[in-house]
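# Secondary and tertiary structure notes
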Amino acid sequence: FRRTDLKPGIHQAEVTLLSPDALLGDNVRFATFRIREPRLILTISDEPDAAAYWKLALEASQQFSVEVKTPGELRDWKPADWNRYEAITLLSVAAPGSLTDRPGDPPLWSLLDAYINRGGKLIVFPGGDELKRADWNSPLAERILPGKLAELIVADPKKGETWLWNSLDTRHPLLAPFREWQQQQPPADFIRLPPVVFR
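All values reported here derive from a predicted model rather than from experimental measurement. (Residues numbered from 1 in each chain as written. Predicted model: local features only at pLDDT ≥ 70, side-chain atom pairs only at ≥ 80, totals over all residues. Heavy atoms only, no water.)

Bringing the overall build of the protein chain into the picture now. Along its length, the protein chain carries seven helices and six strands. When the elements of the protein chain are put in sequence order from the N terminus, they spell out β-β-β-α-β-α-β-α-β-α-α-α-α. Projected onto the principal axes, the alpha-carbon positions of the protein chain cover approximately 80 × 50 × 30 Å. Counting the 199 residues in the protein chain, one finds 25% classified as buried. Approximately 14300 Å² of the protein chain is accessible, and the part contributed by carbon and sulfur atoms is 56%. Taken as two groups, the 25 positive and 27 negative side-chain charges of the protein chain have centres that lie 2 Å from each other. (Helix = DSSP H or I, 4+ residues; strand = E, 2+ residues; numbered from the N terminus. Buried < 20%, exposed > 50% of the residue type's maximum accessible area, 1.4 Å probe, protein only. Areas by Shrake-Rupley, 256 points an atom, 1.4 Å probe, with all protein chains shown as cover. Lys, Arg positive; Asp, Glu negative; His and termini not counted. Charge placed at Lys NZ, Arg CZ, Asp CG, Glu CD.)

Quick look at the structure:
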């Protein structure tokens, strides 16, 4: 059975046989289920327009709802404001070391660190030339990020760079599905037409 456009919340269903049989005890069945609200994602970006594709991609599945804010819009937020989000995305923020030019504002890194320590999830897209490398390599950033940003590598603008699928050791159970996707005919789209990066 498929039902669409159900509102979020608790729902109940009753399924009844159109023609009852001799065993009355199994002619009717009941089910209770819950439709979840889309999970809320906060995207922080210096340029909210830069988050348009990210927002569109996440909301296409209807499993997520994305709010986009600039760092300055977060300066008066309390922990409860941050805790409403399933995850936070840091997208092309040049200098997360400061929320605004207003003295006394806490660094965004500190607020994100506190959010993570309360069980929050963080996705980081560093950005491009506007990025302030000293800020991203600061001691506060090191508490969150898995490594330091060394340099921006620019690939050939005509062909870019992609993943070398043949370099995977598909004997490992975690990577075994990739072997199947490579061998199926035609191969999976992301293997046949691999995504390309230029920077």
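Read on for the rest.
Overall, the predicted model of the protein chain reaches an average pLDDT of 87, with 96% of residues at or above 70. At the level of individual helices and strands, the protein chain shows its lowest average pLDDT in helix H7 (residues 189–192), which scores 80, and its highest in strand S5 (residues 87–91), which scores 96. (pLDDT = per-residue confidence, 0-100.)

A few words on helix H3 (residues 108–117). Burial in H3 covers these residues: Leu108, Trp109, Leu111, Leu112, Asp113 and Tyr115. Buried residues along H3 sit in contact with strand S3 (39–44), helix H2 (79–83), S5, strand S6 (122–125), helix H4 (133–136) and helix H5 (139–142). Immediately beyond the C-terminal end of H3, within one or two residues, lies Gly119, with a positive phi of roughly 100 degrees. (Contact = heavy atoms within 4.5 Å.)

Here Ser45 lies in the loop between S3 and helix H1 (52–59). Setting aside anything within four residues of it in sequence, one finds Ser45 in contact with Ala50, Lys69, Thr70, Pro71, Leu91 and Val93.

Here the largest pocket defines a volume of roughly 400 Å³. Lining of the largest pocket is provided by 13 residues; of these, Pro126, Gly127, Gly128, Glu151 and Leu152 occupy positions nearest its centre. Of the residues that constitute the lining of the largest pocket, the class distribution is seven nonpolar, two polar and four charged. One number sums up the size of the second largest pocket: a volume of about 250 Å³. As for the second largest pocket, its lining consists of Phe1, Arg2, Arg3, Leu6, Gln12, Ala13, Glu14, Val15 and Phe33. No other element matches the four residues that strand S1 (residues 9–16) contributes to the lining of the second largest pocket. Broken down by class, the residue content of the lining of the second largest pocket amounts to five nonpolar, one polar and three charged. (1 Å grid on protein atoms, 1.4 Å probe; cavity = no way out; pocket = protein on both sides within 12 Å on 5 of 7 lines; lining within 4 Å. Points joined across faces, edges and corners; volume = space filled by probe spheres on them. Nonpolar A, V, L, I, M, F, W, Y, C, P; charged D, E, K, R; others polar.)

To continue, consider unusual backbone geometry. Omega for the bond connecting Gln185 with Pro186 falls within 30 degrees of zero, at -10 degrees, which places this linkage in the cis form. Here Pro186 is to be found in the loop between helix H6 (176–183) and H7. For Gln62, which is not a glycine, the phi torsion comes out positive at approximately 65 degrees. Inspection of the secondary structure assignment puts Gln62 in the loop between H1 and strand S4 (64–69).

Counting 20 residues, the largest nonpolar core has Leu42, Ile44, Trp82, Ile88, Leu90, Trp109 and Leu112 as the members making the most contacts within it. Those elements giving two or more residues to this core turn out to be S3, S5 and H3. Sort the elements by how many residues they give to this core and H3 lands first, with five residues. Ignoring sequence-local partners within four residues, the contact set of Leu90 consists of Ile44, Pro96, Leu108, Trp109, Leu112, Leu122, Ile123, Val124, Phe125 and Trp136. (Core = buried A, V, L, I, M, F, W, Y, C linked by side-chain atoms within 4.5 Å.)

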